[in-house]
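# Residue-level structural notes
Spelled out from the first residue to the last, the chains are:
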Amino acid sequence: MNVSYDLAPRNGTAAATAEAGPAAPARRSVVDACSLVYDGAGWRAYLNRLGENAPEYLDVFSASFSRYFGASHAAYREALAVRWQDAVDVLLPPGRPPFDLAAHLADRQRQGVKAEFAMGSAERLPDGRTVNAWLLETVREARDRIHVWAGISLRDPADALREVEGSLAAGASGLCVIPFLDGTDPADPRFAPVWDAAASARLPVWLHTGHHFARSRPTGLGSWRTVETLAARHRELLLVAGHAGWPDVRETLLTAARHPGVHLEFSSHRPRHMAKPGSGWEPLLHHARGLARDRVMFGTSTWVNPGPTGPLADELAELPLPDDVVTAWLSGNAEALVARSAAAHRG
């Protein structure tokens, strides 16, 4: 298996600014279709959710987490050998600077990111709010730049439906679901009301698809088959196959060929790896001028990919792709999806 994850992540705003430099060239316009925008409490909720449901991630991506949060990898590994909670404390020590929305937006602008789909969650923060609620309130004045896709858990169908309805009322413009963290099959008929609500509201849903590292959860939770089943049952549903169902990219793309509401995004994977034999991305490049042109979106997953976003976009531009395809993948298709959803709301 040729895994194209790159385990060296971004190192935050300061590193991004330093790499770009004062004379950085003009960047291509980017819409990040998979972004994480959290403060310290939000990151702790995110990492705790991984530790409780898929602790393998804290191990496999230990170098990534350490570099992203600016922590000592040796100290992190030492703590992780005792308790994963201790490792989280290494990443998030007391006294971390508070989240600065203006600084975040300025850094994203320097990298050419004109909009991002920020993935929330229904996890509770110490003040009682959900991460979704914090995110919606925090970016209220910047929703033209940060589109909040509220995270929902499918462990309880009624709770999930309430979270969809509440987040929609509060201004969410999409949803996200990570089946391997819930340990549930999204295609279970019990969740039909959730998908019906998303389809009725024309809320796009980012669904984690493809490979995951959680050994206690079946590998098929969230696959192209899941996307196929949901798209067939709920014809108006807008689905984004997160990570493009890798390594089953061909099957995910063929699913999109059958269902006009299905899209793919390739966050967590480096564009520079895609042209390598055995990468698993050959079908995407082969069909780039055809079906894939209007169905594929760029994403980062924030901490997974290294460096600032601009160089990642440059990597895509350096692939053997026509310029119009690069533009479509970097921003055009995501903008079209947002417009499609917004038009349905106006209607």
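Going along each chain's sequence as written, the residues are numbered from 1 onward. Where local features are concerned, this predicted model is filtered to residues with pLDDT of at least 70; where side-chain atom pairs are given and counted, the filter is 80 or more; whole-chain, interface and lining totals use all residues. Side-chain calculation: all heavy atoms of the structure are included, whereas hydrogens and water are not.

An unreviewed UniProt entry lists the protein chain under the name Amidohydrolase-related domain-containing protein, from Streptomyces globisporus.

## Thoughts on the packing of helix α5 (residues 73-80) against helix α6 (residues 84-91)
Note the following rule: Lines fitted to C-alpha atoms define the axes here, with helix axes fitted over just the stretch in contact, and angles between the N-to-C directions of these axes take values from 0 to 180 degrees. Helix and strand labels come from DSSP, where a helix needs a run of H or I of at least four residues and a strand needs a run of E of at least two; each type is numbered from the N terminus. Our angle categories are set so that under 35 degrees counts as roughly parallel, over 145 as roughly antiparallel, 65 to 115 as roughly perpendicular, and the remainder as oblique. What makes two residues a contact is simply this: any of their non-hydrogen atoms within 4.5 Å. In this classification, the charged set is Asp, Glu, Lys and Arg, the nonpolar set is Ala, Val, Leu, Ile, Met, Phe, Trp, Tyr, Cys and Pro, and all remaining amino acids, among them Gly, are polar.
Viewed as axis vectors pointing N to C, α5 and α6 meet at an angle of 160°, and their least axial separation amounts to 7 Å. Accordingly, the angle class assigned to the pair α5 and α6 is roughly antiparallel. In this structure, α5 contributes A75, Y76, A79 and L80 to the contact, and α6 contributes W84, D86, A87, V90 and L91. Of the residues in the contact of α5 with α6, the class split is eight nonpolar, no polar and one charged.

## Focus on α6
Applied cut-off: Only protein chains enter the accessibility calculation, which uses a 1.4 Å probe; a residue is then buried when its area is under 20% of its type maximum, exposed when over 50%, and partly exposed in between. The directions from the helix axis to the C-beta atoms form the arc being described.
Restricting attention to buried positions, one finds in α6 the residues W84, A87, V88 and L91. Taken around the axis of α6, the buried residues stretch over an arc of 100°, which confines them to a single face. Of the surrounding secondary structure, the elements contacted by the buried residues of α6 are α2 (40-53), α3 (56-60), α4 (62-69) and α5.

## Remarks on empty space enclosed by the protein
Short version of the rule: Site definitions follow a grid-based scheme: protein atoms alone, a 1 Å grid, a 1.4 Å probe that fits but cannot get out for cavities, and for pockets an open set with protein on both sides within 12 Å along at least five of seven lines, plus lining residues having an atom within 4 Å of a point. Grid points are joined across faces, edges and corners, and a volume is the space filled by probe spheres set on the points.
Applying the stated criterion across every chain, the model contains one cavity of 30 Å³ or more. In this structure, the largest cavity encloses a volume near 360 Å³. Lining of the largest cavity is provided by 25 residues; of these, Y46, I178, W206, H208 and H243 occupy positions nearest its centre. Those elements that place two or more of their residues in the lining of the largest cavity are α2, α10 (179-182) and β5 (205-208). Element by element, the count of residues in the lining of the largest cavity is highest for α2, at four residues. Among the residues forming the lining of the largest cavity, the class breakdown is 17 nonpolar, six polar and two charged.

## Some remarks on the pattern of salt bridges
Here is the rule: A pair is scored as a salt bridge if a Lys or Arg side-chain nitrogen falls within 4 Å of a carboxyl oxygen belonging to Asp or Glu.
By the definition in use, this model includes 21 salt bridges. Residue E56 is joined to R215 by a salt bridge in which the shortest nitrogen-to-oxygen separation is 3.9 Å. Pair noted here: E56 is in helix α3 and R215 is in the loop between β5 and α12 (224-233), with a separation of 159 residues, a long-range link. Note on E56: relative accessible area 11%, which makes it buried. Among the ionic pairs, E335 bridges to K114, the shortest N-O distance being 2.6 Å. In this pair, E335 sits in helix α16 (residues 323-346) while K114 sits in strand β2 (residues 113-119), placing the two residues 221 residues apart along the sequence. Connected through shared salt-bridge partners, D32, R108 and E116 make up one network.

## Here's the deal with the nonpolar core
Put simply, the rule reads: Side-chain atoms within 4.5 Å are what join buried Ala, Val, Leu, Ile, Met, Phe, Trp, Tyr and Cys residues into a set we call a nonpolar core.
Ranked by internal contacts, the top residues of the largest apolar core, which has 106 residues, are F65, F266, L284, L321 and W329. Residue contributions to this core peak at seven residues, all from α16.

## What to know about the confidence of the model for the protein chain
Operational definition: A score from 0 to 100, pLDDT tells how confident the predictor is in each residue.
Summarising the model, the protein chain shows a mean pLDDT of 92, and 91% of its residues fall at 70 or more. Below a pLDDT of 50 lies the segment residues 1-23, which in the model reaches 73 contacts outside its immediate sequence neighbourhood of four places, other chains included.

## A short note on the pairing of strand β1 (residues 30-35)
How we decide: Pairing between two strands requires that DSSP report at least two bridges joining them.
Most of β1 is tucked away, with six of its six residues classed as buried. Pairing of β1 with β2, which is carried by four bridges, proceeds in the parallel orientation. Residue pairing across strands places S35 opposite A118, the latter belonging to β2.

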